[in-house]
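Residue-level listing of the chains:
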Amino acid sequence: MRDETLAIRLQTERSQYKEHSVPLYMTSSYAFDDAEEMRALFADEKEGNIYSRYSNPNVQEFIDKICAFEKAEAGWATASGMAAVFTLFGSLLSAGDHIVSCRSVFGSTHRLLVDIFPKWNISSTYVDFDDYDGFENSIQENTKFVYIETPSNPGLDIIDLERLAAICKKKNVLFVVDNCFATPILQQPLTFGADVSIHSATKYIDGQGRTLGGVIVGSNEIIKQVEAFARHTGPAMSPFNAWILSKSIETLPLRMEKHSQNALEIAKRLESNDKAKWVKYPLLESHPQFEIAKKQMKLGGGIVSFEIKGGLEAGRNFLDKLKLFSLTANLGDTRSIATHPASTTHSKLTPEQRLDVGISDGLIRLSIGLEHIEDIWEDILQAL
Ligand SMILES: *Cc1c(COP(=O)(O)O)cnc(C)c1O
């Protein structure tokens, strides 16, 4: 089946009530028929649910859908995107290990790398996103994996998955991709040689700004290690959130098409507006990595960034003038959202430090929603 069909038809087996829409299995544990069944389940001799920290039908349905899109053998769902990142790191890393990554990773991932993991003697090296020799040369004896995001947030830089996967293979380290911006529908890192793909399901997978969630997918072998860690540390996704997310997925292919269509159109219109110094969108021909984006992404996704002329003040003014767009710390919602990183998420950095991570003072990040394209554009135009 194709993604659009899988998204809808991959469902938990019907119960005796023959429900058409999968019900919510809000239970913390599961009953055993007898002592022998209980023994067999605990001994891993029989498949089945024991306790919802380990598994749950709603959670499994959500995982199965993501695995089908990503062409992955197995997966594990978590309470948030950061729980997925932390769970993966915790599963794979030991004291003394090293990670190679990019400075442009998600803010909380950056904090894990610079504040939290060094406490356990796990170090990391940052490489510029387009410095492939840098990636190769930074891989040390104790490097466990290379960890990247593409497209990156908010710079929308694109890393060549196939090329970096080949480097990781050659150096015998794992390759992990935070695939949140592209979603499992628009990009499948595993098919380009990555070992693990991670998502914050909070963004497009829910897509309606309702719930947090995260998921890790990869080989059976890697997910076994994740399971061994997660069963006993408890980052589990709640059945309720899994139920919401699995239903969200029914419209994910459709939503991503429309998000991408609206975003490309907005990017093109912004590009010919003289208030914008530059515009970045993966599938704009002017994007420096357009060819790579075209190779590995089915569509460009819903995020557009642009530099407003006039710097910090102009950026703040633009946000204040918006009427339809929401000012909120989320992305990937049906509602269009605007953020100004220099005065918010990155305001504690100096202008030089900001430029280092690709954030200029007039940079605006737009998460283009599913409202009518002309309403979205009219709002941007009047604010400009
Ligand atoms: C939001 C986000 C995360 C963290 O996810 P939460 O669900 O907020 O914990 C990780 N990576 C990227 C790229 C994100 O956008």
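Residues numbered from 1 in each chain as written. Predicted model: local features only at pLDDT ≥ 70, side-chain atom pairs only at ≥ 80, totals over all residues. Heavy atoms only, no water.

Where the parts come together, the accessible area they lose is often given as the size of the interface. What the domain assignment reports for the chain is domain 1 (3–249) and domain 2 (252–383). The C-alpha centroid of domain 2 is placed 27 Å from the C-alpha centroid of domain 1. Contacts between domain 1 and domain 2 engage 36 residues on the former and 38 residues on the latter. Both sides together, the interface formed by domain 1 and domain 2 hides about 3100 Å², and carbon and sulfur atoms give 60% of it. Applying the counting criterion to the domain 1 and domain 2 interface returns three salt bridges. Lysine 295 is the partner of glutamate 162 in a salt bridge, and the nearest nitrogen-oxygen pair spans 2.9 Å. On the surface where domain 1 and domain 2 come into contact, there are 20 residue pairs in polar contact (both at pLDDT 80 or more). Those elements that place two or more of their residues in the side of domain 1 that touches domain 2 are α1 (3–9), α7 (161–171), α8 (183–186) and α10 (239–249). Here the residues of the side of domain 1 that touches domain 2 sort into 18 nonpolar, 10 polar and eight charged. (Domains from an automatic or database assignment. Contact = heavy atoms within 4.5 Å. Buried area = accessible area lost by both parts, 1.4 Å probe. Salt bridge = Lys/Arg side-chain N within 4 Å of Asp/Glu carboxyl O. Polar contact = N/O pair within 3.5 Å; in protein donor to acceptor, adjacent residues only side chain to side chain. Helix = DSSP H or I, 4+ residues; strand = E, 2+ residues; numbered from the N terminus. Nonpolar A, V, L, I, M, F, W, Y, C, P; charged D, E, K, R; others polar.)

Right, let's get into the nonpolar core. Note on soluble globular proteins: their nonpolar side chains tend to be buried together. In terms of nonpolar packing, the biggest core is built from 55 residues, with Phe62, Phe135, Val146, Ile148, Leu164, Phe175 and Ile205 touching the most fellow members. If one sorts the elements of this core by residue count, helix α3 (residues 57–70) sits on top with six residues. No fewer than three residues from each of domain 1 (3–249) and domain 2 (252–383) sit in this core. With residues near it in sequence (within four places) discarded, isoleucine 148 still touches Cys102, Phe135, Ile159, Leu161, Leu164, Phe175, Val176, Val177 and Asp178. Counting 26 residues, the second largest nonpolar core, distinct from the first, contains Ala267, Ala276, Val279 and Phe325. (Core = buried A, V, L, I, M, F, W, Y, C linked by side-chain atoms within 4.5 Å. Buried < 20%, exposed > 50% of the residue type's maximum accessible area, 1.4 Å probe, protein only.)

Taken as a whole, the largest pocket spans an internal volume of roughly 1100 Å³. As for the largest pocket, its lining consists of 39 residues, and the residues nearest its centre are Glu47, Gly48, Ser55, Gln60 and Glu227. Sorting the residues of the lining of the largest pocket by element identifies α2 (35–42), α3, β1 (74–78) and α9 (220–233) as the ones contributing at least two each. The volume enclosed by the second largest pocket comes to roughly 760 Å³. Every residue lining the second largest pocket is counted, 29 residues in all, and those nearest its centre are Phe106, Gly107, Asn153, Thr345 and His346. Counting residues per element, the ones that place at least two in the lining of the second largest pocket are α5 (107–116) and β10 (337–339). Considering each element in turn, the lining of the second largest pocket owes the most residues, four residues, to α5. A domain-level breakdown of the lining of the second largest pocket finds at least three residues from each of domain 1 (3–249) and domain 2 (252–383). (1 Å grid on protein atoms, 1.4 Å probe; cavity = no way out; pocket = protein on both sides within 12 Å on 5 of 7 lines; lining within 4 Å. Points joined across faces, edges and corners; volume = space filled by probe spheres on them.)

Time to look at the sheet that holds strand β8 (residues 276–280). In spatial order, the strands read β8-β9-β11-β10; together these four strands make up an open sheet with antiparallel pairing. Each of the sheet's edge strands pairs with one partner strand only, and the pair in question is β8 and β10. With direction set aside, neighbouring strand axes in the sheet form an average angle of 20°. Here strand β9 (residues 303–308) pairs with strand β11 (residues 363–367) via five bridges, running antiparallel. Within β11, the position partnered with phenylalanine 306 by the bridge is isoleucine 364. Packed on one face of the sheet, helix α13 (residues 311–321) meets β9, β10 and β11 and runs near 130° to β9. (Pairing = 2+ DSSP bridges. Axes fitted to C-alpha atoms, helices over the stretch in contact; angles between N-to-C directions.)

In this section: the site of the ligand. Close to the ligand lie Ser80, Gly81, Met82, Phe106, Glu149, Asp178, Cys180, Phe181, Ser200, Thr202, Lys203 and Gly213. Glycine 81 places a polar main-chain atom, nitrogen or oxygen, 2.8 Å from an oxygen atom of the ligand. At a separation of 2.7 Å, a nitrogen atom of the ligand approaches a polar side-chain atom of aspartate 178. Protein chains shield 91% of the accessible area of the ligand, which is 380 Å² for the free molecule. Classifying every residue of the shell around the ligand by side-chain character gives four nonpolar, five polar and three charged. (Near = heavy atom within 4 Å. Areas by Shrake-Rupley, 256 points an atom, 1.4 Å probe, with all protein chains shown as cover.)

On to the packing of helix α4 (residues 81–92) against α9. Between α4 and α9, the shortest axis-to-axis distance is 8 Å and the interhelical angle comes to 100°. The pairing of α4 with α9 is recorded here as roughly perpendicular in orientation. Counted together, Phe86, Thr87, Leu88, Gly90, Ser91 and Leu92 of α4 and Ile222, Gln225, Val226, Phe229 and Ala230 of α9 form the full contact between these two elements. Considering only residue class, the contact of α4 with α9 consists of seven nonpolar, four polar and no charged. (Parallel < 35°, antiparallel > 145°, perpendicular 65-115°, else oblique.)

This brings us to unusual backbone geometry. It is generally the case that most residues other than glycine have a negative phi and that most peptide bonds are trans. That bond from threonine 150 to proline 151 is cis: its omega, -5°, falls within 30 degrees of zero. Mapping proline 151 onto the fold places it in the loop between β4 (143–149) and α7. Residues asparagine 153 and proline 154 are joined by a peptide bond in cis, for which omega reads -5°. Along the chain, proline 154 falls in the loop between β4 and α7. At asparagine 121, a position not held by glycine, the phi torsion is positive, near 60°. Even without being a glycine, threonine 183 presents a positive backbone phi close to 70°. Counting through the fold element by element, threonine 183 comes out in helix α8.

This next bit is on the sheet that holds strand β2 (residues 98–101). With respect to topology, seven strands assemble into an open sheet ordered β1-β7-β6-β5-β4-β2-β3, the strand pairing being mixed. In this open sheet, the two strands that pair with only one neighbour each are β1 and β3 (123–126). Taken over all neighbouring pairs, the strand axes of this sheet differ in orientation by 20° on average, direction set aside. In the packing of α3 onto the sheet, the strands contacted are β1, β6 (196–200) and β7 (214–218), and the crossing angle to β1 comes to about 130°. Docked against the sheet, α4 engages β1, β2, β4, β5 (174–178), β6 and β7, running at close to 150° with respect to β6.

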